[in-house]
Amino acid sequence: MDSTKFLKPKDDVSWKEDRQDVDEVTGTTFIYNRFINLELEEQRRRLPIYKYRLHILYLLEKYQTLVLVGDTGSGKSTQVCQYLYEAGWCSDDMKIGITEPRRFCVTTLAQRVADERCCPLGSVVGYSIRFDDCQDEKLTKIKYMTEGILIREMMADPLLRQYCVIILDEVHERNILTDILMGLLKKILRKRKRLKLIVTSATVDAVSLRDFFNFKKLPSEEDTSVILGAEGKLHSIQIHYAIEPIPDYVDGVVDCVCKIHKDEPEGDILAFLTGSEEVDRAVSLLRQHLNENINKYFTPLILPMYGTLPNNDQLKVFRPAPRGMRKIVISTNIAETSVTISGIVYVVDCGFVKLKWFNPKTYTDSLVVVPISKASAEQRAGRAGRTKPGKVYRLYPEEEFEKLENATPPEMSRTDLSQAVLQLKALGISNILRFTFPSPPPAQNLLLALELLYALGAIDDNGELTNPLGVTMAEFPLPPLHAKTLISAGDFGCTDEISSILAMLQVDNVFIKPRFGENSIKAQIEKRKFEVHEGDLITLLNVFTTFEKNLETARKWCQQHFINYKALRRAFEIKYQMLRLLERFNIPKTSCDGNVEKVCYCIASGFFPNAAYLHFSGVYKTVRGGEELYVHPTSVLYSVEQPQWLLYCELIHTSKLYMRDVTVVKSSWLEELAPNFYHTVPTSSAP
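Residues numbered from 1 in each chain as written. Predicted model: local features only at pLDDT ≥ 70, side-chain atom pairs only at ≥ 80, totals over all residues. Heavy atoms only, no water.

(A) Fine view of the overall build of the protein. For the protein, the count of helices and strands is 24 helices and 25 strands. Taking all 687 residues of the protein together, 58% fall into the buried category. In the protein, the proportion of contacts linking residues at least 24 apart, taken out of those at least 6 apart, comes to 74%. Here the protein displays about 29800 Å² of accessible surface, and carbon together with sulfur accounts for 49% of that area. (Helix = DSSP H or I, 4+ residues; strand = E, 2+ residues; numbered from the N terminus. Buried < 20%, exposed > 50% of the residue type's maximum accessible area, 1.4 Å probe, protein only. Contact = heavy atoms within 4.5 Å. Areas by Shrake-Rupley, 256 points an atom, 1.4 Å probe, with all protein chains shown as cover.)

(B) How the structure looks around the nonpolar core. Formed by 111 residues in total, the largest nonpolar core has its most connected members in Ile166, Ile180, Ile498, Val510, Ile563 and Ile603. Ranked by residues supplied to this core, first place goes to helix 22 (residues 565–584) with ten residues. What Ile498 contacts, discounting residues up to four positions off in sequence, is Thr485, Leu486, Ala489, Val599, Cys602 and Ile603. Judged by nonpolar contacts, the second largest core, of 66 residues, contains Phe104, Val226, Ile239 and Met305. (Core = buried A, V, L, I, M, F, W, Y, C linked by side-chain atoms within 4.5 Å.)

(C) Region of interest: the environment of Trp557. Considering the arrangement of structural elements, one finds Trp557 in helix 21 (residues 554–560). Once the C-alpha coordinates of Trp557 and Phe547 are considered, the two residues, ten residues apart in sequence, prove to be 7.8 Å apart. Setting aside its immediate chain neighbours within four residues, Trp557 contacts Phe530, Val543, Thr546, Phe547, Asn550 and Ile563.

(D) The arrangement of the sheet that holds strand 17 (residues 364–371) in detail. With mixed pairing, nine strands are arranged side by side in an open sheet as 16-17-23-24-21-20-19-22-25. Because the sheet does not close on itself, it has two edges, and the strands there are strand 16 (352–359) and strand 25 (663–664). Sheet topology note: the strand 16/strand 17 ladder contains eight bridges and is antiparallel. Bridging across to strand 17, Val353 finds its partner in Val370. (Pairing = 2+ DSSP bridges.)

(E) Region of interest: the pattern of salt bridges. According to the stated counting rule, one finds 27 salt bridges in the structure shown. One salt bridge in this structure joins Arg281 and Asp251, with 3.4 Å as the shortest N-O distance. Placement of the pair is Arg281 in helix 10 (residues 276–289) and Asp251 in helix 9 (residues 249–263), with a sequence separation of 30 residues. A salt bridge links Lys403 to Glu400, with the shortest nitrogen-to-oxygen separation between them at 3.4 Å. Here Lys403 and its partner Glu400 are both found in helix 13 (residues 398–403), three residues apart, which amounts to about one turn of the helix. Each member of the salt-bridge network shares a partner with another, and the members are Arg44, Glu86, Arg112, Glu116 and Arg117. (Salt bridge = Lys/Arg side-chain N within 4 Å of Asp/Glu carboxyl O.)

(F) The packing of helix 18 (residues 495–505) against helix 23 (residues 596–607), seen in detail. Interhelical geometry of helix 18 versus helix 23 gives an angle of 60° and a closest axis separation of 10 Å. Taken together, the axis directions place helix 18 and helix 23 in an arrangement best described as oblique. The two elements helix 18 and helix 23 meet at a crossing, and its hand is right-handed. Where helix 18 approaches helix 23, its residues Glu497, Ile498, Ile501 and Leu502 are matched on the opposing element by Val599, Cys602, Ile603 and Phe607. (Axes fitted to C-alpha atoms, helices over the stretch in contact; angles between N-to-C directions. Parallel < 35°, antiparallel > 145°, perpendicular 65-115°, else oblique. Left-handed = near helix turned anticlockwise from the far one by under 90°.)

(G) View of the environment of Gly252. With respect to the secondary-structure elements, Gly252 resides in helix 9. Residues Gly252 and Ala282, spaced 30 residues apart in sequence, show a C-alpha to C-alpha distance of 9.8 Å. Beyond its immediate stretch of four places on either side in the chain, Gly252 contacts Ile246 and Leu395.

(H) Just the state of the cysteines, in detail. Applying the stated rule across the entire model yields zero disulfides. Here Cys494 stays unpaired: no disulfide links it, and the sulfur of Cys602, its closest cysteine neighbor, is 3.9 Å away. (Disulfide = S-S within 2.5 Å.)

(I) Geometry of helix 9. Given a rise of 1.5 Å per residue, 15 residues ought to cover 21 Å, and the 21 Å separating the end C-alpha atoms of helix 9 matches this to within 8%. Buried residues dominate helix 9, accounting for twelve of its 15 residues. Taken together, the buried positions of helix 9 are Tyr249, Val250, Gly252, Val253, Val254, Asp255, Cys256, Val257, Cys258, Lys259, Ile260 and His261. The N-cap residue of helix 9 is Asp248: its side-chain oxygen and the backbone nitrogen of Val250 are 2.9 Å apart. (Expected span 1.5 Å × (residues − 1). Polar contact = N/O pair within 3.5 Å; in protein donor to acceptor, adjacent residues only side chain to side chain.)

Structure representation (C-alpha cells):
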C-alpha cells in the first residue's frame with residue numbers, strides 16, 4: 001500500500017491507496033461501451049453482451065427462467081429485449097415487458113432502445129410509469145415499465161397473456177415491488193408454461209434465484225431455470241481510502257472533487273451523496289469553489305442527478321462534455337445501477353445511502369441515512385474506469401469498508417407493507433402469510449399493515465378487500481394514505497384542491513433556496529407570501545393555485561417568486577392525470593371554493609394514522625407509542641406558535657425524528673374519521 005497526501009481547499013486529509021485492481025479485491029469486473037461515437041448498429045455489435053446473444057436465445061428456448069448475471073454497462077438492459085424481438089418472439093401480438101426499479105431508468109432506457117430501433121418513442125418501443133404512459137396498445141412490442149405498473153396490469157390480466165417474455169432488471173436492489181413480482185411470477189409461470197422470464201442484474205445471488213424459480217421436484221425431472229454469466233472487459237481501478245473518517249461527508253465530497261479537478265488529468269467525475277438536498281448543496285458549493293483558473297486545461301461542467309429532477313435536466317448528464325470541459329456529476333444512488341454515464345473516470349463515494357426503515361411505533365417509514373453495503377460500494381466503484389483506468393475515492397477508512405454488510409437488506413424486511421398487502425389482496429392473494437416471498441417479511445410488519453388497511457376501510461373484518469373503497473384504492477397508483485385521501489375528496493367536495501396537494505407531494509424542491517446573498521433573503525420573503533397557519537400542505541395548495549392563475553406567464557412568475565418552474569409544470573401534469581383517474585371511477589371534479597377547513601378535514605380522512613400531539617414537555621409525540629417528533633426546519637410551522645395537533649406526510653431521521661409536510665387538525669376529527677383507530681380515554685381511567 002502506498003500513501004499519498006490529499007490536499008483539500010480547507011484542510012489536509014491523508015489518503016491511502018489500494019493499487020490492486022477491483023477484480024482482485026471483489027471478484028467483480030467492470031465494463032463500459034467504449035464505442036459511443038460509432039454508428040448505433042456498430043455500437044450494439046461491440047457491446048460485451050453481444051457475444052452471448054445466441055446463448056441467451058438458446059437457453060430461453062430450453063428453460064422457462066434465465067438468471068442473467070452481467071457486468072454493469074454490458075448492455076443487458078437495452079440489448080436482450082432487442083435480441084428477442086429480432087428473433088421473432090413478438091409475433092402473434094405478443095409483447096416483451098421489461099421492469100426497472102426507477103422511473104428515470106424506464107424513460108432513459110426506452111429512449112435509447114427506440115433510438116437504436118430507429119423508431120419514435122411510443123411506437124415499437126414504449127414505456128409506462130406512474131402518471132406517464134408513452135405506448136401504443138397495438139404497435140408497442142418492447143415495453144419498459146416500473147414494477148408497480150406490471151403489478152397493476154396483473155389486476156386486469158392475472159396471467160399476463162399479452163406478454164411472451166418478462167425481464168426483471170436490477171433485481172439485486174431487492175425493493176419491495178421486485179420481491180412481490182418474483183413471488184407472483186412464480187405462480188404465473190406454473191400456469192403459463194409458454195411464458196419466459198429473464199432475471200438480470202450486475203450483482204446477485206444467482207444460485208438462490210435459480211432455485212427459487214426451479215420447479216423441479218424429482219432428480220429425474222429437468223430443471224426449469226438456468227444461470228448465464230456474461231462477463232465484460234476489465235479496466236484497472238485504483239481504490240483510495242481515507243486514513244481517518246470524514247466529519248462531514250458533503251464537505252468531504254466537495255473538497256475531494258475540487259482536488260481531483262485541480263490535479264488529475266482528463267476524465268469526468270461522478271460523486272455519490274444520499275439525497276437531493278445534499279446534491280443541490282454540493283452543486284452550489286462546487287460552483288462557488290471551482291472556476292476556470294482551478295485547472296488550466298478543463299472548465300468544470302457541474303450537473304446534479306436525482307430521481308425527482310425534471311427529465312431534460314436528467315438527460316444532460318448523459319451528453320458528452322464539450323471539448324475543454326470536465327463533466328462533474330453529483331448524484332444520489334440512482335447512478336449506481338441501470339444507467340451508465342459516459343466518460344466517468346473518477347468516482348467519489350461518500351459511503352452512505354438514504355433508506356426507508358419502518359417504525360412500528362409511528363406506522364410509517366422513516367428516511368434514515370445509513371452506511372452502504374459492500375455490494376453497493378462495488379457498484380459505485382464500477383462506474384469508474386469504463387473507457388480507461390480509473391480511480392475511486394472512498395471517504396472512509398479501509399477497516400470501515402471491511403465492517404460493512406455484504407448486501408443491503410431487502411426492502412421487504414425493513415419498510416411499510418400496507419401498499420404491498422393491498423395490491424396482493426387485489427390480485428386474489430387472500431392468505432398473505434402463505435404467499436411465497438423470496439425474503440419473508442417480519443410478521444409484525446404484516447400485522448401492522450393489515451391493521452392500517454382495516455382502519456382506512458380498505459379491508460373488512462375477514463381481511464377481504466372492501467367494495468368499492470378497497471378495490472378502488474388498490475387501483476390507484478398511490479400509497480394507501482394518499483389514495484384514501486383522494487377518494488374521500490369526492491365525498492367532501494374538494495377533489496380539485498386535494499389533487500393539487502397530492503400532485504405537489506409527488507415533486508421535490510418547489511421553493512428555490514439560494515444559500516447566500518441578497519437573493520436568499522428575497523426567496524424567504526417570497527415564500528412567506530404563500531405561508532398559512534394551517535401548515536405546509538395548504539401552503540403548497542396556495543402556490544399551485546396561484547401558478548394555475550398565471551399559466552400564460554408561468555415561467556416569469558416562478559422566477560419572480562423563487563418557485564421551481566419545472567417542478568410546478570410536472571405537478572400540473574400529475575394533477576390532471578389524477579383528475580382523469582377520478583373520472584374513470586366516476587368521482588366528480590369538485591371544488592370547495594376556498595373552504596380551508598374542509599380541505600384539512602379531507603386530509604385527516606386519509607392521513608389520520610400520522611397524527612402527533614403537543615406534549616406538555618414541549619415536544620410532539622405520537623398517539624400510539626409516544627415517539628418524540630419534531631417539526632422539520634423547512635416547515636412553515638417551525639418558527640411559529642406550536643399547534644396542539646398535527647398530521648405529517650413523512651418522517652426524516654437525522655439527529656432527531658422530524659416531521660415533514662405537516663397540517664394542523666383538530667383532535668375531534670380523528671375520532672370522527674377513524675373510530676377504529678382512535679378513541680378518547682376517560683380521564684379517571686387514564687394511567
